[in-house]
Amino acid sequence: QVQLVESGGGLVQAGGSLRLSCAASGRAFSSYTMGWFRQAPGKEREFVAAIRWSGGSTYYADSVKGRFTMSRDNAKNTVYLQMNSLKPEDTAVYYCAAGTSLRYDGTLNYDYWGQGTQVTVSS
């Protein structure tokens, strides 16, 4: 079993920054892909970013490219999402996920999910 715990969400003004963290219990398998998804009220959960634990390749949704950066700290079994130039449309609950699929951009590609952390961007 894998337990994921997100932190770092909060309220921020448009144009501001937040850094989300996702701590994984135990040692993550090197074959895992770690992802960030978000879900706004009344909308489906959507892909934000992903990183390969082994190698560190990153992938981003078009809506966040150039603004968000995902990274990992192997020693801490933790991944991060640095969010800059935040917009009101970024407001959502952000979820951390882990999976072993080669695909990375769909919810069905992940086996484990955190509880989510709220990000609210005010205009």
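Note that the structure is a prediction, hence the values are computed from the model and not measured.

(A) Looking closely at the nonpolar core. Within the largest apolar cluster, 32 residues are counted, with the highest numbers of intra-cluster contacts made by Met34, Trp36, Val79, Leu81, Met83 and Tyr94. Elements with a minimum of two residues in this core: β3 (18-24), β4 (33-39), β5 (46-52), β7 (68-73), β8 (78-83), β9 (92-99) and β11 (117-122). Filtering out sequence-adjacent residues up to four positions away, Met34 remains in contact with Leu4, Cys22, Ala49, Ala50, Ile51, Trp53, Met70, Val79, Cys96, Ala97, Ala98 and Tyr110.

(B) Up close: unusual backbone geometry. With a phi close to 50°, Asn77 is a non-glycine residue in the positive phi region. Mapped onto the secondary structure, Asn77 falls in the loop between β7 and β8. Of note in the backbone geometry, Ser85 takes a positive phi value of approximately 50° without being a glycine. Here Ser85 shows up in the loop between β8 and β9.

(C) Examining the side chain of Thr33 more closely. As for its placement among the helices and strands, Thr33 is situated in strand β4. Only 2.6 Å separates the side chain of Thr33 from the side chain of Arg52, close enough to count as a polar contact. Setting aside its immediate chain neighbours within four residues, Thr33 contacts Ala50, Ile51, Arg52, Ala97, Ala98, Gly99, Ser101, Tyr104 and Tyr110.

(D) The arrangement of the sheet that holds β8 in detail. The strand order across the open sheet built from four strands is β1-β3-β8-β7, with neighbouring strands paired in antiparallel fashion. Only two strands of the sheet have a single partner each, and these edge strands are β1 (4-7) and β7. On average, each strand axis in the sheet is inclined to that of its neighbour by 15°, with strand direction left out of account. Where β1 lies against β3, four bridges are found, and the strand directions are antiparallel.

(E) Broad picture of the packing of aromatic side chains. Counted according to the given criterion, the structure contains seven aromatic pairs. Ring geometry for Tyr59 against Tyr104: centres 4.1 Å apart, planes inclined by 20°, an arrangement best described as stacked. With Tyr59 in strand β6 (residues 58-60) and Tyr104 in the loop between β9 and β10 (112-113), the pair connects residues that are 45 residues apart, well separated along the chain. You can call Tyr59 partly exposed: its relative accessible area is 23%. Three or more aromatic residues joined by ring pairs form one cluster here, namely Phe37, Phe47, Tyr59, Tyr104, Tyr110 and Trp113.

Conventions and cut-offs
Residues numbered from 1 in each chain as written. Predicted model: local features only at pLDDT ≥ 70, side-chain atom pairs only at ≥ 80, totals over all residues. Heavy atoms only, no water. Core = buried A, V, L, I, M, F, W, Y, C linked by side-chain atoms within 4.5 Å. Buried < 20%, exposed > 50% of the residue type's maximum accessible area, 1.4 Å probe, protein only. Helix = DSSP H or I, 4+ residues; strand = E, 2+ residues; numbered from the N terminus. Contact = heavy atoms within 4.5 Å. Polar contact = N/O pair within 3.5 Å; in protein donor to acceptor, adjacent residues only side chain to side chain. Pairing = 2+ DSSP bridges. Axes fitted to C-alpha atoms, helices over the stretch in contact; angles between N-to-C directions. Phe/Tyr/Trp six-rings, centres within 6.5 Å; stacked < 30°, edge-to-face > 60°.

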